Amino acid sequence: MPIDEEFRRFKQIREELNLTQSAFADELGISATTADIERGRTRIPGQVVKELLKKYHINPLWLFGDSTQKYLHAEKLSINPKIVTVDNTGHENIVLVSAKAAAGYPNNIGDAQWFESQPAFSIPLPEYRNATFRGFQVEGDSMLPVLHSGEWIVGKAVDDWENLSDKRMYVIVTVDSILVKRVQKETHSTYINLISTNPEYAPIRIDRNEIREVWLVNSKLTFDLEADTQQVSLHSLHQEMKELRAEVKKLVK
């Protein structure tokens with residue numbers, strides 16, 4: 001392994017965290033920026049290696065090229081929401097993340113000011129109490145026929161990997177995107193498979209250490225009821241045509 005690989009991996013960690021060299025230095029307790037380390041001018045101090053393990057679960061052996069396992073103690077990584085907002089009575093809001101805002105969500109996951117700038121509302125029903133909820137707008141057709149592009153879903157915060165079920169849908173917030181998928185765990189592995197309900201989309205295999213938040217999809221808001229009715233009618237017509245063709249084949253025989 002080239003001697004400069006450790007510096008490349010160090011820079012990779014910073015970029016995945018979306019931190020500037022100065023901000024990363026502050027996180028790691030370095031007096032200056034991390035520029036000299038990334039350029040290979042300064043070796044990575046032991047204290048920095050310790051902070052990388054403590055704060056981000058970075059495996060020191062991976063950092064120096066002696067292991068392919070990037071993270072340690074994946075089961076202890078937090079997938080709780082990083083920021084919640086409250087209304088003027090002190091109750092938690094349901095922040096709405098539109099398809100447009102979703103592009104900036106991972107980069108601002110810890111920025112309270114960014115979240116306060118997003119629209120929010122509350123639902124005065126018992127089903128939306130005693131937990132943290134967030135609204136996300138669906139984009140694309142990967143979850144058809146269950147979810148349609150433009151619809152809104154409400155997710156309930158998940159705080160433990162063991163609570164994930166392969167029979168439910170989740171909003172998965174990674175280091176650079178927001179995905180709505182079913183989740184399939186791999187035994188004895190830090191990887192999970194993200195499954196679409198639309199069979200035209202292949203599963204996405206991802207290291208769960210790249211995941212920042214997980215929200216259980218427990219409800220959806222839809223406004224285009226006429227379109228839904230039309231789709232049901234078209235589906236019924238398609239089914240009737242299949243049955244008719246089957247009957248014709250029987251008659252021919």
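What you see as residue numbers is a count from 1 along each chain, following the sequence as written. Predicted model: local features are reported for residues with pLDDT of at least 70 only, side-chain atom pairs are reported and counted for 80 or more only, and whole-chain, interface and lining totals are derived from all residues. With hydrogens and water excluded, all non-hydrogen atoms of the structure serve as input to the side-chain values.

A. Representation of the overall build of the protein chain in the model. Numbering goes from the N terminus for both helices and strands, where a helix is a DSSP run of H or I of at least four residues and a strand is a run of E of at least two. Helix and strand content of the protein chain: eight helices and nine strands. Counting only residues that meet the buried cut, the protein chain has 37% of its 253 residues in that class. The contact criterion used is simple: two residues touch if any of their non-hydrogen atoms lie within 4.5 Å. A separation of at least 24 residues holds for 58% of the contacts in the protein chain among residues at least 6 apart in sequence. Of the accessible surface of the protein chain, which amounts to about 15,200 Å², a share of 51% is contributed by carbon and sulfur atoms. Note on exposure labels: buried denotes an accessible area under 20% of the residue type's maximum, exposed denotes more than 50%, and partly exposed covers the range between, all computed with a 1.4 Å probe on protein chains only. For accessible areas, the Shrake-Rupley method is used with a probe of radius 1.4 Å. Any residue's cover is judged against the shown protein chains and nothing else.

B. Representation of the packing of aromatic side chains in the model. The aromatic pairing rule takes the rings of Phe, Tyr and Trp, using the six-membered ring of Trp, and pairs them if the centres are within 6.5 Å, calling planes under 30 degrees apart stacked, those over 60 edge-to-face and the rest tilted. For the structure shown, the criterion picks out eight aromatic pairs. Ring centres of F10 and F24 lie 5.2 Å apart, and the angle between their planes is 40 degrees; this geometry places the pair in the tilted category. Of the two residues, F10 is situated in helix α1 (residues 5-16) and F24 in helix α2 (residues 21-28); the sequence distance between them amounts to 14 residues. The two residues F10 and F24 agree in class, both being buried.

C. Geometry of the sheet that holds strand β4 (residues 152-157). Paired strands, as defined in this entry, are two strands with at least two bridges between them according to DSSP. Across the sheet, nine strands lie side by side as β2-β1-β3-β4-β9-β5-β6-β7-β8; this open sheet has mixed pairing. Because the sheet does not close on itself, it has two edges, and the strands there are β2 (120-121) and β8 (204-207). The pairing of β4 with strand β9 (residues 211-221) spans six bridges and is antiparallel. The residue bridging K156 from the neighbouring strand is L216, located in β9.

D. Focus on the packing of α1 against α2. With their axes 10 Å apart at the nearest point, α1 and α2 run at an angle of 100 degrees to one another. Considering their axes alone, α1 and α2 lie roughly perpendicular with respect to each other. Side by side, α1 and α2 meet where F10, I13 and R14 of the first sit next to Q21, F24 and L28 of the second. Put simply, Ala, Val, Leu, Ile, Met, Phe, Trp, Tyr, Cys and Pro go in the nonpolar bin, Asp, Glu, Lys and Arg in the charged bin, and everything else, Gly too, in the polar bin. Of the residues contributing to the contact of α1 with α2, the split by class is four nonpolar, one polar and one charged. The angle between two axes is taken between their N-to-C directions and runs from 0 to 180 degrees, where each axis is a line fitted to C-alpha atoms and a helix contributes only its stretch in contact. If an angle is under 35 degrees, it is roughly parallel; if it is over 145, roughly antiparallel; if it lies from 65 to 115, roughly perpendicular; otherwise it is oblique.

E. How the structure looks around α1. In a regular helix each residue adds 1.5 Å, so 12 residues correspond to 16 Å; α1 covers 16 Å between its end C-alpha atoms and thus fits that length. Among the residues of α1, those classed as buried are E5, E6, F7, R9, F10, I13 and R14. If you follow the buried residues of α1, they end up packed against α2, α3 (35-38), α4 (46-56) and α5 (60-63). The first or second residue beyond α1 is N18, which carries a positive phi of 60 degrees. To estimate how far a helix should extend, the number of its residues minus one is multiplied by 1.5 Å.

F. Structural context of the nonpolar core. Nonpolar core, defined: a set of buried Ala, Val, Leu, Ile, Met, Phe, Trp, Tyr and Cys residues in which side-chain atoms within 4.5 Å join the residues together. The biggest cluster of nonpolar side chains holds 20 residues, and the ones touching the most others in it are Y105, F136, L147, I153, V171 and V180. Secondary-structure elements contributing two or more residues to this core are β1 (94-97), α6 (99-102), α7 (112-116), β5 (169-174) and β9. When residues in this core are grouped by element, the largest group, three residues, is from β5. Leaving out residues up to four positions away in the same chain, V180 has contacts with M143, L147, I153, Y170, V171 and V217. Among the nonpolar cores identified, the runner-up in size contains 17 residues, and F10, L28, L52 and I58 belong to it.

G. Region of the structure containing the pattern of salt bridges. The term salt bridge refers to a pairing of a side-chain nitrogen on Lys or Arg with a carboxyl oxygen on Asp or Glu at a separation within 4 Å. All told, the structure shown has nine salt bridges when counted by the stated rule. R8 serves as the salt-bridge partner of E5, at 2.3 Å between the closest nitrogen and oxygen. Of this pair, E5 and R8 are both found in helix α1, three residues apart, which corresponds to roughly one turn of the helix. Salt-bridge contacts for E38 lead to R14; the nearest nitrogen and oxygen are separated by 2.5 Å. Of this pair, E38 sits in helix α3 while R14 sits in helix α1, placing them 24 residues apart in sequence.

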